[in-house]
Amino acid sequence: MRVRVRFSKNGPIRFISHRDVARIFERALRAAGVAVAYSEGFSPRPRISFGLALSVGFESDAEYLDVVVAAPVDLEALPGRLTAALPDGLAVEAATPVAPGTLSLQQAIVCCEWEIEVLNLTEAALARSVTALLEHRHVMLERERKGKQTTVDVRPALLSLNVTGPTADGVRLAATLSTDLVTIRPDEVISLLGHDARLGRARRLKQWTMADGQRLEPLAAAALRRETTHVRDLGPPGSPAAQTAAAGR
Amino acid sequence: MTRAAQVTGGGDRATVWPALERLLPQVQKPARYIGGEGGRCAKAPDPALVSWLFVYPDTYEIGLPNQGLQILYEIINERPDGRADRAYAPWTDLEKLMRANNIPLFSVEHHTPAHAFDVLAFNLSAELTYTNLLNCIDLAGVPVRSRDRYGDDPLVIVGGHCTYNPEPIADFVDVVVLGDGEEPVGEITDVIAGFLSSGSSDRTGLLRELSQLDGVYVPSMYNVVYDGPRLVGIEPRFPDVPGVIRKRTVSDLADWPYPKNQLVPLTEVVHDRLSVEVFRGCTRGCRFCQAGMITRPVRERPADQIRTMVAEGLQRSGYDEVTLTSLSTADFSGVEDVVTGIMNDADGCGVGPLSVSLPSLRVDAFGVDIAAQIQRGRRTGLTFAPEAGTWRMRQVINKLISEDDLYSAVEAAYSQGWKRMKLYFLTGLPSETDEDTLGIAELGRNCVEIGRRYTNRASTTVSVGGFVPKPFTPFQWFGQNTVSELQRKINLLKDATRRAHGVNLKWHDPKATLAEGITARGDRRLGAVIEDVWRRGGTFQEWSEHFDLDLWLGAMERAGLSIEWYVYRHRTEDEVLPWDHLDAGLHKDFLWTDWMDALEEVGLPDCRWTPCYDCGACTGYGIEHVVASASPPAGGSQGTPGPRRPGTGIPVRLGASR
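Fair warning: this is a prediction, and the values are worked out from it, not measured in the lab.

The rules we used
- Residue indices begin from 1 for each chain and proceed along its sequence in written order.
- Lettering of chains starts at A and numbering of ligands starts at 1, both following the order in which they are written.
- pLDDT decides what is reported in this predicted model: residues at 70 or higher carry local features, side-chain atom pairs at 80 or more are listed and counted, and totals for whole chains, interfaces and linings draw on all residues regardless.
- For the side-chain quantities, the full set of heavy atoms in the structure was used; hydrogens and water were omitted.
- Note on conventions: DSSP H or I runs of at least 4 residues are helices, E runs of at least 2 residues are strands, and numbering of each starts at the N terminus.
- Here, residues are in contact when the closest pair of their heavy atoms is within 4.5 Å.
- Residue burial considers only the protein chains on display, and all accessible areas are found by Shrake-Rupley using a 1.4 Å probe.
- Each of two parts loses accessible area, computed with a 1.4 Å probe, when they are put together; buried area is these two losses added.
- We count a salt bridge whenever a side-chain nitrogen from Lys or Arg sits within 4 Å of a carboxyl oxygen from Asp or Glu.
- By the criterion applied in these results, polar contacts are pairs of N or O atoms within 3.5 Å in which, for protein atoms, one can donate a hydrogen and the other can accept it, and in which residues neighboring in sequence qualify only through two side-chain atoms.
- In the scheme used here, Gly and all other residues not listed as nonpolar or charged are polar, with Ala, Val, Leu, Ile, Met, Phe, Trp, Tyr, Cys and Pro taken as nonpolar and Asp, Glu, Lys and Arg as charged.
- The pairing criterion for strands is at least two bridges between them, as found by DSSP.
- Axis definition: a line fitted to C-alpha atoms, over the contacting stretch in the case of helices. Angles run 0 to 180 degrees between N-to-C directions.
- Residue-level confidence of the predictor is what pLDDT reports, using numbers from 0 through 100.
- Here is the rule: rings of Phe, Tyr and Trp (six-membered ring for Trp) pair when centre to centre is within 6.5 Å. Planes less than 30 degrees apart are stacked, more than 60 are edge-to-face, and the remainder are tilted.
- Remark: exposure states derive from per-residue accessible area (1.4 Å probe, protein chains only) relative to the maximum for the residue type, with buried under 20%, exposed over 50%, and partly exposed in between.
- Geometrically, a lysine NZ or arginine CZ counts as sitting over a ring once it is within 6 Å of the ring centre and also within 35 degrees of the ring normal.
- For the domains described, the bounds stem from an automatic or database domain assignment.

(A) Representation of the overall build of chain A. Along chain A, the regular secondary structure elements total 7 helices and 11 strands. Within chain A, counting contacts between residues at least 6 apart in sequence, those at least 24 apart form 71% of the total. Surface summary for chain A: the accessible area is close to 11,800 Å², and the carbon and sulfur share equals 53%.

Shown next, in the form of structure tokens:
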């Protein structure tokens, strides 16, 4: 049975890496007595797959993992049992069985909502920068990938940006950023908001999948019966995204 | 460290976390600094308690798994009158930011400034961390030289294997603990508690009182006399200060089932698994091995206690791997039963496969059989340590492994599915010839050839380190090979393995070997050199990207000290050694006789199952080897199971003839 779990990562533990979180969950599952299924082979590995990586230093209310269990587990009790086995700052909020045929987290997530703290800009200045940025039809961003400079138009990844008020040290920016096809990270958003803007705290609030043209929370997506779903907006048939999605099923 | 000073200095005790938190996004691996480990003890700061800060003077990843530090951390925290936190050396990026923002060295539990503790206790496992010791003391806001410390400065206490020659760092530390720390930390806490409650501010009086404790050495209570470059003696300054300091030895490990709550880090560290110490000490008698000499005698933990510690530790931590630690775990008298018991216990839990690992394998088929039995989960490569390339050389160093032993082990490993072996060797050993050096390449090539019978991907990593003679070993009188001689030997091996497909040669930088040699057997005059290297920025000298031999050579020259004198010359039988006032349990004449035996290529079998050689480790302390079995484990105390084949016999010199 595959189980999908939602968890949060807050406080000082935000400084550990994605790999660290993976190792911690492997240990917590064992300490909680959950019988995780293992891969076959010379070096058997527990069958746990994580969703999108969360950068070191970012907090989140909505992280996900899928785990294949070898024996039935009490899903109602699972969040409490796992949270008790997890270090301070990591907490499992909910768990649900994954219906057969559900897309993997990596394939299914299309966008994330963020709360980003912007330092060094006034609220008014940030609002002006955001408005100006969104007026552009193309926003070119330079990235280094494997030592190579590339330029990407990240405008399609900026689904929404709204200034929502002050924080203790700066201004709060609510952002919805695509993770599908064209992606952008919160620190890259800051780099587009002018010379002075600095990133403060950043927290992922939600991750979304798509079903029937509607945004759907990943646990809800896992619970859906497959024959009625995967009407994810895949673009024209034969496009790379459509092929990936088809392969995933 | 007077109580009054602490109370009035309450502001110092505040956490540095808010300031630190703002800096962490700017540094590599910020998880090093957040604490939060499973198993940590978070006793709140309380001026009524004697407070220890245990510091490992290297990075968090290296320091966190250190078992010695974890054991003492728990013992202090269990005391109603004590509390302990931990700290690690910040990496250079954070150090720069800390200095710029006036953030002192801090504990990872409460992010309390280091100078708010009564004791800064350092574990010294490697000589090249000495400059980090100074850096950590300085980052704590404490004067680096002990003579400059006053009233409310913490006591700087050091322990660990390096402290068997503490003279190079004697000027920087207040107290040295020799040997097993379990008992002395409690006795030291008692003395400090009495001192604090007396309201006294007589630091010298406190140090003098501490110098009376067994196993405790207070360098400032001794005068050092030189005659030119020669050391004449190290004498107590007061009649009540002991002339010889004897190491402490825990007689029964069963009394010390620590760590009970091994720390489970949030981020990856070097030994990321459960560790259970199965015995302390080793009597194989490898002559290059300081650890084997200074930790005698053998003290085994009872098998049922090991099983309990493993089962509880796995349950609590969620680890799927446990290491049974000791200097030679396959020699544990009940190793097969213990391993089988652990595997059965784990199978009963149903939470996935368990791997048991041994820090180094015995070089024979028996060792590999155990490895095959225990690595049911993830399989790593196998590591063997023949240490030298020829039988002649292995007799000199008393590592009595025949080539048949090694090849049968390698064959067993490849035939059971392993594809990678790692072999450890030393070069620069006493009486080593080029034939001995080239024997290393020969062994590597032959191992790959054996592996090819089983897999085309067979490979063997040959890892070669330069030998550094250490105090309290039979080789303490030996003049270390020069950098150019070590480099020449490495070049010989490079040439000999260049065309050997499947043999991967790795070697330790001979320059670092020299720096280690400078500090390993130096006297108190080396303090100026260590301070000089540190003041010129020479921290993290264990790290190749920071190591700089020129700093050491320059510092030696500025101090007017000769590398030839301290490192390269052979020492003489009659000369006073800088550690002669310390007693590691070994008679000096035993070590000298063993040194002479080495040069005559005479091996000395393990004394657990042969007559006593009277090394001093047992008799001087009224203790004995604690072994569960009076007969050697399967395979004998060394080498292949069964009777020895003709031609591989070990020349034995009977203990009784001594």
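(B) Representation of the interface of chain A and chain B within the structure. In this assembly, 24 residues from chain A lie in contact with 31 residues from chain B. Carbon and sulfur atoms supply 57% of the area buried between chain A and chain B, which totals about 2,100 Å² over both sides. Viewed at the interface, chain B and chain A are joined by 8 salt bridges. Here A:Arg30 ties to B:Asp320 by a salt bridge, and the two come within 3.5 Å at their closest N and O atoms. On the surface where chain A and chain B come into contact, there are 10 residue pairs in polar contact (both at pLDDT 80 or more). At 7 residues, the largest contribution of residues to the side of chain A that touches chain B is made by helix α1 (residues 18-31) of chain A. Here the side of chain A that touches chain B is composed, by residue class, of 13 nonpolar, 2 polar and 9 charged.

(C) Region of interest: the sheet that holds strand β13 (residues 321-325) of chain B. Residues and elements named next belong to chain B. Ordered in space as β10-β13-β14, the 3 strands form an open sheet in which the pairing is parallel. Strands with a single pairing partner mark the edges of an open sheet, and in this sheet they are β10 (274-277) and β14 (355-357). Sheet twist, expressed as the average angle between the axes of neighbouring strands with direction ignored, equals 25°. Where β13 lies against β14, 3 bridges are found, and the strand directions are parallel.

(D) Structural detail: unusual backbone geometry. All names here are of chain B. The omega torsion of the bond from Tyr-258 to Pro-259 falls at -10°, within 30 degrees of zero and hence cis. Within the secondary structure, Pro-259 sits in the loop between β9 (245-246) and β10. Note that the residue after Arg-296, namely Pro-297, is joined by a cis bond; omega there is -5°. Phi at Lys-29 is positive, roughly 45°, even though this residue is not glycine. Of note, Lys-29 is situated in the loop between α2 (17-23) and β1 (50-56). For His-111, which is not a glycine, the phi torsion comes out positive at approximately 55°. Structurally, the position occupied by His-111 is in the loop between α5 (92-100) and β3 (119-123).

(E) Molecular detail of the confidence of the model for chain A. For chain A, per-residue confidence averages 90 on the pLDDT scale, and residues scoring 70 or more make up 90% of the total. Low confidence marks residues 228-249 of chain A, where pLDDT is under 50. Its contacts with residues over four positions away, or in another chain, come to 26 contacts.

(F) Molecular detail of the side chain of B:Arg569. All names here are of chain B. Relative to the elements of secondary structure, Arg-569 occurs in the loop between α20 (563-568) and β19 (582-583). In this structure the side chain of Arg-569 is engaged in a polar contact, spanning 2.8 Å, whose partner is the side chain of Glu-575. Discounting residues that sit within four places of it in the chain, Arg-569 has contacts with Phe-478, Gly-479, Glu-564 and Glu-575.

(G) Molecular detail of the packing of aromatic side chains. Evaluation of the coordinates by the stated rule reveals 18 aromatic pairs over all chains. Between the aromatic rings of A:Phe7 and A:Phe25, the centroid separation amounts to 4.5 Å while the plane-to-plane angle is 50°, which identifies the pairing as tilted. Here the residue A:Phe7 occupies a position in strand β1 (residues 2-9), and A:Phe25 occupies one in helix α1, the gap between them amounting to 18 residues. The exposure class assigned to A:Phe7 is buried, which follows from its relative accessible area of 2%. Since its relative accessible area comes to 1%, A:Phe25 is described here as buried. On the basis of an interplanar angle of 65° and a centroid distance of 6.1 Å, the ring pair of B:Phe478 and B:Trp595 is categorised as edge-to-face. Within this pair, whereas B:Phe478 is found in the loop between β17 (459-466) and α16 (483-497), its partner B:Trp595 is found in helix α21 (residues 588-599), the two being separated by 117 residues in sequence. Over the ring of B:Tyr73 we find B:Arg86, and its NZ or CZ is 5.0 Å from the ring centre. Here the guanidinium or amino end of B:Arg569 rests over the ring plane of B:Trp565, the centre of that ring lying 3.6 Å away.

(H) Expanded view of the domain arrangement of chain A. All names here are of chain A. Under the domain assignment used here, chain A contains domain 1 (2-98) and domain 2 (110-208). At the junction of the two partners, domain 1 supplies 13 residues and domain 2 supplies 14 residues. Between domain 1 and domain 2, the buried area comes to about 1,100 Å², and carbon and sulfur atoms account for 46% of it. Of all residues in domain 1, the largest losses of buried area upon contact with domain 2 belong to Leu-52, Phe-58 and Glu-59, amounting jointly to 50% of the total for that side. Put simply, domain 1 and domain 2 have 4 salt bridges between them. Residue Arg-204 is joined to Glu-63 by a salt bridge in which the shortest nitrogen-to-oxygen separation is 2.9 Å. At the junction of domain 1 with domain 2, the criterion picks out 9 residue pairs in polar contact (both at pLDDT 80 or more). Counted by class, the side of domain 1 that touches domain 2 contains 6 nonpolar, 3 polar and 4 charged residues.

(I) Just the pattern of salt bridges, in detail. Under the criterion given, the structure shown has 66 salt bridges over all chains. The partner of B:Glu109 in a salt bridge is B:Arg86, and the shortest N-O contact between them spans 2.8 Å. Of this pair, B:Glu109 sits in the loop between α5 and β3 while B:Arg86 sits in strand β2 (residues 82-88); the two residues are 23 residues apart in sequence, bridging distant segments of the chain. Like B:Glu109, the residue B:Arg86 is buried in the burial classification. One salt bridge in this structure joins B:Arg99 and B:Glu95, with 2.8 Å as the shortest N-O distance. In this pair, B:Arg99 and B:Glu95 both sit in helix α5, 4 residues apart, roughly one turn of the helix. Exposure remark for B:Glu95: the relative accessible area of 12% places this residue in the buried category. Through salt bridges with shared partners, a single ionic network connects A:Arg14, A:Glu59, A:Asp61, A:Arg201, A:Arg203 and B:Glu21.

(J) Examining the sheet that holds β17(B) more closely. Residue and element names in this part refer to chain B. With parallel pairing, the 4 strands of this open sheet are ordered in space as β15-β16-β17-β18. A strand with exactly one partner marks an edge of an open sheet, and here the two such strands are β15 (382-387) and β18 (503-507). Along the sheet, successive strands turn relative to each other by an average axial angle of 20°, direction set aside. Strand direction decides the pairing type here: β17 and β18, joined by 5 bridges, are parallel. Each residue of the ladder has a partner; that of Val-464, found in β18, is Trp-507. Sheet strands touched by helix α14 (residues 403-415): β15, β16 (420-427) and β17. Its angle to β15, the strand with the most contacts, is close to 170°. Sheet strands in contact with α16 are β16, β17 and β18, and its direction is about 170° off that of β18.

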